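Listed below are the residues making up each chain.
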Amino acid sequence: MSNTRQADASSPLRAPLIFLLVMALFVLEGTTRNALFSGSWNSALTILNMGLISAIMTLGVNMQWGYAGLFNAGVVGFLALGALGPVLVATAPVEGAWAAGGPRVLLALAVGLGTLALASQVWKRVKAPLSFLLMPLVLLLGFVLYRYLFDPAVMAIEANNSASAGNIGGLGWPVLLSWPVGALFAAAAAWGVGKVALGLRSDYLAIATLGIGEIIVAVLRNEEWLARGVKNMSGIPRPVPYELDLQNDPGFVAKAADWGMDASTASAIWVKLLYAGLFGIVLLALILLAELALKSPWGRMMRAIRDNETAASAMGKNVKARHLQIFVLGSAVIGLAGAMMVTFDGLLSPGGFNPLRYTFLIWVMVIVGGSGNNWGSVLGALLIWFLWIKAEVWGPQLMNLVTAPLPAGSLRQHLLESAPHMRFVAMGLVLLLVLRFAPRGLVPEK
Amino acid sequence: MDILNAIVAILNFVVIPAASYGAQLALGALGVTLIYGILRFSNFAHGDTMAFGTALVILVTWGLQAMGISLGPLPTALLALPIGIALCSVFVLGTDRVVYRFYRQKRSEPIILVMASVGVMFLMNGLTRLVIGVDDIRFDDGARFLISVQDFKAWSGLAEGLSLRVSQVITLVVTFLSCWALFRFLSRSRSGKAMRAYADNEDLALLSGIDPERIVRLTWIIATALAVTAGTLYGLDKSFKAFNYFQILLPIFAAAIVGGLGNPLGAVAGGFIVAFSEVAVTYPWKKIATYLGFQPEGLLQLLSTEYKFAVSFVILIVVLLFRPTGLFRGKAY
């Protein structure tokens, strides 16, 4: 691997040129209407906003993989934990839910965590033959106590106004405050996973994180008291004005008329521009911090550990602690992106947390962009996200063209109907081609 | 009498379902373990190999049914299975040729091969969706039950019924035969010995004139055959849905790691350990406790069924923490 990381002399113009190309794609999407592009700024800005959020996810994954060589296959889980942030912090409190069982749930969770901590202490402190007996006993008693506290509380909360609520509700605080909280949730989980799985062979970390990702998503789907599960949590507050309020604002309508747009299009575009600005600020701040960190002695140490663990640990660097640190940091950034995504959608729908889309597609973005390079990850995210969205439109058109010579039978019909699935094939091919022919990505690490 | 009822209930709700699920996991884990032992990476595309192969088997099954060929009481899919395996092997060998061989010859780090397998996973997932769609497909035909609940109740006079589905019996029989054939092949035949030698010590095996590319091809074919068999059995037992096969990747990895990655015997044991723990932990034991004379208040269910992944995950973590090479001492490269 080390030889693929060596810097070749690459043109300094490469990154700006690719950046311009990606910008041109978005401008084309916004301005031209033809078979390939929709010609709507509304659509272009929607893609851009989700692209910016994806870029934050790739920054997180890039910290873990690009700086430290850790393969996190549970991105979707950390994203989902981050998405919990706005639900628990920013949504309106639910009448009566807290009284129904809030303290008891907190107590049960504390007992659960306490049991795990106690069990690990027992394992460490108690001598061998006795600990084999004692640790399972601690776990068993803790589990019984936890369920005894947890189950009635959950039933009480879920019974409370179950048609429209049935969840514990939020605190009603400003939604921007919930973003760092989402990051904190993801970081806490990453600390737990990292404590257990880091230091094992790299594949094992991938498999362990794959598991934790599946479990976190399963929790979100099934624990209705937490965020209504698959009933979905809507009405997450916004940091920007609502389109309807803008349309009812005479000042805004007058301005929209000045620009030569009708009020509804103008309001949709204005809201999306505000989001784009907000996401752009977060992204730029993160890149700035990441670049400063990477250029500092800390960044040099991380790369030294990545490139040669043995040598780094011979120099007295604590490889395991540094790995844990970067794993937690990267996951926090992914969690932040999750919180932003839910805020942008205004909706938490755990049914949509699919690992192909939220774990492996993010990986494609990182590899394609150039692992180890923050700007590369951002470019990869914007480009791949654009292609992912447009492939659903382009796939059927391509299929239509390819199958034109076929008679209009059931085979052609079937191929046309399943053409949107071509995007998976396309992404697989892109990943394989980049891994093979440009393993360092479009914008390689310097 | 109540003890008998309890035993029948345990057989019906725990032992039989867990045994057939365990057999499917064992076949899947055998494939993962072989790839890990010989090619030295964790193949993330294994779940989608199962899905893709099963999709091919379903297409062939439909073809056979259209021609009016059937196996009577047995599902036609068994007849289609060898053809599905052959087609899927051709595809998998193609991916080895085009994708993995390059990294093998460059001696890339295992994690790069894992990433390449993610690419292959996307590709196979997309192809499966393209070929057969994303709907639930039932493709079992022939007789459904070997023993039905009513027959059993009438025969035994017990309150609790026992049912044994044909798909469950087929799963166990086919798994037993596949394992028997595989272990015989690995321990007796020249190629099998060469495979084991290559897995144990690559350099030594190369010195003694073993052709590595042949070993690799053989490994892919065997792993694909096991994967497609496992996928077809799983599909016959439950139903075919492309995304389900991605989700059983975690229990399969857990099974392979529990037994010790690279150790075929361990993979089989791991499959059954994971399956029995999953079913035992998510089964509500109230009924059985009642038969035994207890009056429990709750359902006596340790975890709700949605969290069955959690069981695989916990087993995985416990094994990784306390015995990183698995119960049967696999290898750690």
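Thresholds applied
Residues numbered from 1 in each chain as written. Chains lettered and ligands numbered in written order. Predicted model: local features only at pLDDT ≥ 70, side-chain atom pairs only at ≥ 80, totals over all residues. Heavy atoms only, no water. Helix = DSSP H or I, 4+ residues; strand = E, 2+ residues; numbered from the N terminus. Rg over C-alpha atoms; globule rule 2.2 N^0.38 Å. Buried < 20%, exposed > 50% of the residue type's maximum accessible area, 1.4 Å probe, protein only. Contact = heavy atoms within 4.5 Å. Areas by Shrake-Rupley, 256 points an atom, 1.4 Å probe, with all protein chains shown as cover. Core = buried A, V, L, I, M, F, W, Y, C linked by side-chain atoms within 4.5 Å. Buried area = accessible area lost by both parts, 1.4 Å probe. Salt bridge = Lys/Arg side-chain N within 4 Å of Asp/Glu carboxyl O. Polar contact = N/O pair within 3.5 Å; in protein donor to acceptor, adjacent residues only side chain to side chain. Nonpolar A, V, L, I, M, F, W, Y, C, P; charged D, E, K, R; others polar. Axes fitted to C-alpha atoms, helices over the stretch in contact; angles between N-to-C directions. Parallel < 35°, antiparallel > 145°, perpendicular 65-115°, else oblique. Left-handed = near helix turned anticlockwise from the far one by under 90°. 1 Å grid on protein atoms, 1.4 Å probe; cavity = no way out; pocket = protein on both sides within 12 Å on 5 of 7 lines; lining within 4 Å. Points joined across faces, edges and corners; volume = space filled by probe spheres on them. pLDDT = per-residue confidence, 0-100. UniProt positions renumbered as here; feature names shortened; annotations may be inferred. Patch = residues over 30% accessible without salt bridge, like charges linked within 9 Å, V, L, I, M, F, W, Y side chains within 5 Å. Lys, Arg positive; Asp, Glu negative; His and termini not counted. Charge placed at Lys NZ, Arg CZ, Asp CG, Glu CD. Expected span 1.5 Å × (residues − 1).

### Quick word on the overall build of chain B
Then step 1. Assigned secondary structure in chain B consists of 14 helices and 2 strands.
Then step 2. For chain B, the C-alpha radius of gyration of 21 Å lies close to 20 Å, the compact-globule estimate for 333 residues.
Then step 3. Along the first, second and third principal axes, the C-alpha atoms of chain B reach 65 × 55 × 35 Å.
Then step 4. Evaluated residue by residue, chain B yields a buried proportion of 57% over its 333 residues.
Then step 5. Sequence-distant contacts in chain B: of pairs separated by 6 or more residues, those separated by 24 or more amount to 74%.
Then step 6. Taken as a whole, chain B presents about 13500 Å² of accessible surface, with 66% of it coming from carbon and sulfur.

### Thoughts on the nonpolar core
Then step 1. Leu-348 and Phe-353 of chain A together with Phe-44 of chain B are the most contacted members of the largest nonpolar core, which totals 232 residues.
Then step 2. Sort the elements by how many residues they give to this core and helix H15 (residues 319–345) of chain A lands first, with 15 residues.
Then step 3. If we ignore the near neighbours within four places in the chain, the residues touching Phe-353 of chain A are Val-76, Leu-79, Ala-80, Ala-83, Val-217, Leu-220, Arg-221, Met-341, Leu-348 and Tyr-358 of chain A.
Then step 4. Ranked by size, the runner-up nonpolar core spans 8 residues in total, among them Val-14, Ala-18, Val-279 and Ile-288 of chain B.

### Some details on the interface of chain B and chain A
Much of the literature gives interface size as the accessible area that the parts lose upon coming together.
Then step 1. At the junction of the two partners, chain B supplies 53 residues and chain A supplies 50 residues.
Then step 2. For the pair chain B and chain A, the summed buried surface comes to about 4700 Å²; carbon and sulfur atoms form 76% of the total.
Then step 3. Of all residues in chain B, Met-115, Phe-122 and Leu-130 of chain B give up the largest surface area on contact with chain A, accounting jointly for 16% of the area buried on that side.
Then step 4. Linking chain B with chain A are 0 salt bridges.
Then step 5. Across the contact surface, chain B and chain A share 10 residue pairs in polar contact (both at pLDDT 80 or more).
Then step 6. Breaking the side of chain B that touches chain A down by element, the ones donating at least two residues are helix H3 (77–106), helix H4 (110–132), helix H10 (242–247), helix H11 (249–259) and helix H14 (308–322) of chain B.
Then step 7. Top contributing element to the side of chain B that touches chain A by residue count: H4 of chain B, with 18 residues.
Then step 8. Across the side of chain B that touches chain A, the residue classes break down as 42 nonpolar, 6 polar and 5 charged.

### Some details on the packing of helix H16 (residues 355–369) of chain A against helix H17 (residues 374–402) of chain A
Residue and element names in this part refer to chain A.
Then step 1. The N-to-C vectors of H16 and H17 enclose an angle of 125°; their axes lie 7 Å apart at closest approach. Classified by the interaxial angle, the pair formed by H16 and H17 is oblique. As for the relative orientation of H16 and H17, their crossing is right-handed in sense. Residues Arg-357, Leu-361, Val-364, Met-365, Val-368 and Gly-369 of H16 pack against Gly-376, Gly-380, Ala-381, Ile-384, Trp-385 and Trp-388 of H17.
Then step 2. A per-class count over the contact of H16 with H17 returns 8 nonpolar, 3 polar and 1 charged.

### Quick look at empty space enclosed by the protein
All names here are of chain B.
Then step 1. By the definition in use, this model includes 3 cavities of 30 Å³ or more.
Then step 2. Approximately 50 Å³ is the volume found for the largest cavity.
Then step 3. Lining the largest cavity are Asn-43, Ala-45, Thr-49, Val-92, Thr-95, Tyr-100, Val-120, Met-124 and Trp-220.
Then step 4. Where the lining of the largest cavity is concerned, the elements lending two or more residues are H3 and H4.
Then step 5. With 3 residues, H3 is the single largest residue contributor to the lining of the largest cavity.
Then step 6. For the lining of the largest cavity, a count of residues per class yields 6 nonpolar, 3 polar and no charged.
Then step 7. There is about 40 Å³ of room inside the second largest cavity.
Then step 8. Taken together, Ile-35, Asn-43, His-46, Thr-49, Val-92, Trp-220, Ala-223 and Thr-224 make up the lining of the second largest cavity.
Then step 9. Of all the secondary structure elements, the ones that give two or more residues to the lining of the second largest cavity are helix H2 (46–66) and helix H9 (212–237).
Then step 10. Split into classes, the residues belonging to the lining of the second largest cavity amount to 4 nonpolar, 4 polar and no charged.

### Here we look at the pattern of salt bridges
Residue and element names in this part refer to chain B.
Then step 1. Tallying each qualifying case throughout the model produces 16 salt bridges over all chains.
Then step 2. Linking Arg-104 and Asp-96 is a salt bridge whose minimum nitrogen-to-oxygen distance equals 2.9 Å.
Then step 3. Residue Arg-104 is classed as buried on the basis of its relative accessible area, which comes to 18%.
Then step 4. For Arg-138, the salt bridge identified is with Asp-140, shortest N-O distance 3.4 Å.
Then step 5. Arg-138 gets classed as exposed once you look at its relative accessible area, which sits at 51%.
Then step 6. Within the structure, one salt-bridge network assembled from shared partners comprises Arg-40, Arg-107 and Glu-202.

### Comments concerning the environment of Asn-232 of chain A
All names here are of chain A.
Then step 1. Residue position: Asn-232 is located in the loop between helix H9 (224–227) and strand E1 (233–234).
Then step 2. The spacing of Asn-232 and Gly-351 is 119 residues in sequence and 8.3 Å in space, taken between C-alpha atoms.
Then step 3. The contacts of Asn-232, once residues within four sequence positions are left out, are Leu-347, Leu-348, Ser-349 and Pro-350.

### Looking at the confidence of the model for chain B
Then step 1. With 98% of its residues at a pLDDT of at least 70, chain B reaches an overall mean of 90.
Then step 2. Predicted complex, confidence summary: ipTM 0.91, pTM 0.91.

### Observations regarding the UniProt feature "transmembrane region" (unreviewed entry) in chain B
Then step 1. Here, UniProt's "transmembrane region" (unreviewed entry) annotation points to residues 6–39, 51–71, 77–99, 111–132, 166–186, 215–236 and 305–322 of chain B.
Then step 2. Taken end to end, residues 166–186 of chain B is 100% helix and 0% strand, and its two terminal C-alpha atoms sit 30 Å from one another.

### Description of a positive patch on the surface
Residue and element names in this part refer to chain B.
Then step 1. There is a patch of like positive charges on the surface, built from Arg-97, Arg-184, Arg-188, Arg-190, Lys-193, Arg-196, Arg-214 and Arg-217.
Then step 2. Taken together, the elements giving at least two residues each to the positive patch come down to helix H6 (166–188), helix H7 (190–200) and H9.
Then step 3. Per-element tally for the positive patch: the top contributor is H7, with 3 residues.
Then step 4. The residue Arg-97 is located in helix H3 in this model.
Then step 5. For Arg-97, a relative accessible area of 56% gives the class exposed.

### Considering helix H5 (residues 97–125) of chain A
Residue and element names in this part refer to chain A.
Then step 1. The end-to-end C-alpha separation of H5 is 41 Å, in line with the 42 Å expected for 29 residues at 1.5 Å each.
Then step 2. The complete set of buried residues in H5 reads Ala-97, Gly-101, Gly-102, Val-105, Ala-108, Val-111, Gly-112, Thr-115, Ala-119 and Val-122.
Then step 3. Looking at the buried side of H5, the elements it contacts are helix H6 (128–159) and H9.

### Quick word on the packing of helix H2 (residues 14–31) of chain A against H17 of chain A
For any two helices packed against each other, one specifies the crossing angle of their axes together with the interaxial distance.
Residues and elements named next belong to chain A.
Then step 1. Direction vectors running N to C along H2 and H17 enclose 30°, while the axes themselves pass 10 Å from each other. Handedness of the H2/H17 crossing: left-handed. Judged by residue contacts, Ala-15, Ile-18, Phe-19, Val-22, Leu-25, Phe-26 and Glu-29 of H2 engage Leu-379, Leu-382, Leu-383, Phe-386 and Lys-390 from H17.

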